[in-house]
Protein chains: 2
Amino acid sequence: MSAQVVESSGRRKGDVFDSNCPSRTVLDHVTSKWAVLVLAALRTGPMRFSALRRTIGGVSEKMLAQTLRTLEADGFLDREVAPTTPPQVTYSLTQYGAELTEHLTGLVEWIAVRMPDIEAGRAARTGS
Amino acid sequence: MSAQVVESSGRRKGDVFDSNCPSRTVLDHVTSKWAVLVLAALRTGPMRFSALRRTIGGVSEKMLAQTLRTLEADGFLDREVAPTTPPQVTYSLTQYGAELTEHLTGLVEWIAVRMPDIEAGRAARTGS
DNA sequence: CTGTATCCAGGTTGATACTG
DNA sequence: CAGTATCAACCTGGATACAG
């Protein structure tokens, strides 16, 4: 799993530490402010644009659309348009998206659970 | 684990979907471009400033220092200064930092492993 | 409803120079 | 070595208006 080709630079292929590696681009995409929340929201099932907008507090239409397009281009999201009037667009996780989201939600839930301890620690350091 | 207090807004306490929740701040910190890489780098052991700078491709001194200060304030990093000349500053993960990093590296490694498939999928969509 | 286009303010980043 | 200060450039992101 960690046995990989070593280049002259001393970095491994697929290494996120390499600023020229494509995986850095993907990493930036999925760890972007809104992408994390979009993926987390879709984890429980497909959602429409407006539902995502309502679920994710503080997101603008522009940022949501932009994030959705990026994630779709990366192959993490499927976009399905119902030819009705008005149109209904539903987003869902692809298989890759679902795998990715498992890792992300693990992170998100850990933060949610540990948040009280984190804040307490911060307050203690500020106080001392 | 998922049983939490429901507020009038319909959001759960500690919910990252709430734009006013402190956990959103922490989430933004740890998913920021450089924080992910700093934490991943420190996973294998303590490192000094210059070593981090070398390891993480493309990071500037300013951004590295800024990221380190944020993570330290959040309680994920310890900063130890050796009173020598020139000074040597070593960074290491706290217990929280180590837990957090486990989740992050899971994500990072998944991306590294899946990268070929992701790129192939992207190429296929572009071509069609 | 689900976007896209445009404009613009503000924050983030990087280069550079400087300090302990 | 390990930063901090400053400044300009870039990009992000929000508001608004408009389109399919």
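Preceding this paragraph is the structure being described.
The following refers to the structure shown. (Residues numbered from 1 in each chain as written. Chains lettered and ligands numbered in written order. Predicted model: local features only at pLDDT ≥ 70, side-chain atom pairs only at ≥ 80, totals over all residues. Heavy atoms only, no water.)

**Structural notes on the nonpolar core**
A general tendency of soluble globular proteins is for nonpolar side chains to be buried together.
Argument step 1. Counting 68 residues, the largest nonpolar core has Phe76(A), Leu77(A), Ile111(A), Phe76(B), Leu77(B) and Leu100(B) as its most contacted members.
Argument step 2. Each residue touching Phe76(B), except ones within four places of it in the same chain, is listed here: Trp110(A), Ile118(A), Val26(B), Val30(B), Leu71(B), Ser92(B), Leu93(B), Thr94(B), Tyr96(B), Gly97(B) and Leu100(B). (Core = buried A, V, L, I, M, F, W, Y, C linked by side-chain atoms within 4.5 Å. Buried < 20%, exposed > 50% of the residue type's maximum accessible area, 1.4 Å probe, protein only. Contact = heavy atoms within 4.5 Å.)

**Side note on the relation of the copies chain A and chain B**
Argument step 1. Aligned on chain B, chain A shows an RMSD of 0.1 Å; the corresponding rotation is 180° and the shift along the axis is 0.0 Å. Seen this way, the second copy is the image of the first under a two-fold rotation axis. Scanning chain A for the C-alpha nearest the rotation axis identifies Thr31(A), at a separation of 2.5 Å.
Argument step 2. Both copies share a contact surface, since 100% of the interface residues of chain A are interface residues in chain B too. (Least-squares fit on C-alpha atoms with pLDDT ≥ 70 in both.)

**Topic: the protein's contact with DNA strand D**
Argument step 1. The full set close to DNA strand D counts 18 residues, and Lys62(A), Arg48(B), Ser50(B), Arg79(B) and Tyr91(B) are the nearest of them.
Argument step 2. Close to the protein, within 4 Å, the atoms of DNA strand D are drawn from sugar and phosphate at a rate of 56%.
Argument step 3. With respect to DNA strand D, the side chain of Ser60(A) contributes an N or O atom lying 3.3 Å from a phosphate oxygen.
Argument step 4. Note that a sugar or linking oxygen of DNA strand D is positioned 2.8 Å from one of the side-chain N or O atoms of Arg48(B).
Argument step 5. Contributing elements (two or more residues each) for the surface near DNA strand D: α4 (61-73) of chain A together with α3 (49-55), α4 (61-73) and β3 (88-93) of chain B.
Argument step 6. A class-by-class count of the residues in the surface near DNA strand D yields eight nonpolar, four polar and six charged. (Near = heavy atom within 4 Å. Polar contact = N/O pair within 3.5 Å; in protein donor to acceptor, adjacent residues only side chain to side chain. Helix = DSSP H or I, 4+ residues; strand = E, 2+ residues; numbered from the N terminus. Nonpolar A, V, L, I, M, F, W, Y, C, P; charged D, E, K, R; others polar.)

**Concerning the protein's contact with DNA strand C**
Argument step 1. DNA strand C sits among 17 residues. The nearest are Arg48(A), Ser50(A), Arg79(A), Tyr91(A) and Lys62(B).
Argument step 2. At the protein interface, 59% of the atoms of DNA strand C within 4 Å belong to sugar or phosphate.
Argument step 3. Interatomic distance of 2.7 Å between a side-chain N/O atom of Tyr91(A) and a phosphate oxygen of DNA strand C.
Argument step 4. Here a base oxygen of DNA strand C and a side-chain polar atom of Lys62(B) are 2.2 Å apart.
Argument step 5. Broken down by secondary-structure element, the contributors of at least two residues to the surface near DNA strand C are α3 (49-55), α4 and β3 (88-93) of chain A together with α4 of chain B.
Argument step 6. Examining the composition of the surface near DNA strand C, we find that four residues originate from one element, α4(A), more than from any other.
Argument step 7. Partitioned by chemical class, the residues of the surface near DNA strand C number eight nonpolar, three polar and six charged.

**So, the interface of chain A and chain B**
Argument step 1. With 49 residues of chain A at the contact, the number on the chain B side is 49 residues.
Argument step 2. Around 4,300 Å² of area is buried between chain A and chain B when both sides are counted, 67% of it from carbon and sulfur atoms.
Argument step 3. Considering only the surface of chain A that becomes buried against chain B, Phe17(A), Leu107(A) and Trp110(A) emerge as the three largest contributors, covering 15% of it.
Argument step 4. Linking chain A with chain B are four salt bridges, by the criterion used here.
Argument step 5. Two residues, Arg114(B) and Glu99(A), come together in a salt bridge whose shortest N-O distance is 3.4 Å. (Buried area = accessible area lost by both parts, 1.4 Å probe. Salt bridge = Lys/Arg side-chain N within 4 Å of Asp/Glu carboxyl O.)

**What about the sheet that holds β3(B)?**
Residue and element names in this part refer to chain B.
Argument step 1. The antiparallel open sheet is built from three strands, whose spatial order is β1-β3-β2. What marks the edges here is a single partner per strand, and that holds for β1 (47-48) and β2 (77-82).
Argument step 2. Bridge analysis of β2 against β3 gives six bridges, and the strand direction is antiparallel. When the bridges of β3 are listed, Asp78 appears paired with Ser92. (Pairing = 2+ DSSP bridges.)

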